[in-house]
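# Analysis of the macromolecular model
Single-letter residue listing:
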Amino acid sequence: FPVTISYTLPQAMNNRFQGSASFVTLTTLNLLYEAGFDLRLTVHDSIIWQCAASEVQDSWNEARKIIERPIPELYEWEFTSTAECGHNWYEMEEL
């Protein structure tokens, strides 16, 4: 099938952003794993881990330091993050 420039050019331009986002997410997953987090799932830019209910706030505080760290490869850019917690998807509440 023919490939048109109207599709190819935006995809080529988007590659740099998608590649950088993937790099940040995968590096963050590795750092969280090395810090001892019980990682369960990642979906796009969401990372899910498990901890005891009594450790939720401490776990989030530690994870936030890792997640919001400056990224040297992106000129020390820092990303903000939010967290939700619950026993299931229906009971999720923002921390």
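The sections below set out a description of the structure shown in this document. (Residues numbered from 1 in each chain as written. Predicted model: local features only at pLDDT ≥ 70, side-chain atom pairs only at ≥ 80, totals over all residues. Heavy atoms only, no water.)

## Some words on the packing of aromatic side chains
- Scanning all chains against the criterion turns up two aromatic pairs.
- Centroid distance phenylalanine 37 to tryptophan 49: 5.3 Å. Interplanar angle 80°. Geometry classified as edge-to-face. Residue phenylalanine 37 is found in the loop between α1 (5-34) and β1 (38-43), and its partner tryptophan 49 is found in strand β2 (residues 46-50); the two are separated by twelve residues along the sequence. (Phe/Tyr/Trp six-rings, centres within 6.5 Å; stacked < 30°, edge-to-face > 60°. Helix = DSSP H or I, 4+ residues; strand = E, 2+ residues; numbered from the N terminus.)

## Looking at the nonpolar core
- Ranked by size, the top nonpolar core spans ten residues in total: Leu29, Leu32, Phe37, Ile47, Trp49, Trp60, Ala63, Ile66, Ile67 and Ala83.
- Those elements that provide at least two residues to this core are α1, β2 and α2 (56-67).
- Considering each element in turn, this core owes the most residues, four residues, to α2.
- Other than its neighbours up to four places away in sequence, leucine 29 contacts Leu39, Thr42 and Ile47. (Core = buried A, V, L, I, M, F, W, Y, C linked by side-chain atoms within 4.5 Å. Buried < 20%, exposed > 50% of the residue type's maximum accessible area, 1.4 Å probe, protein only. Contact = heavy atoms within 4.5 Å.)

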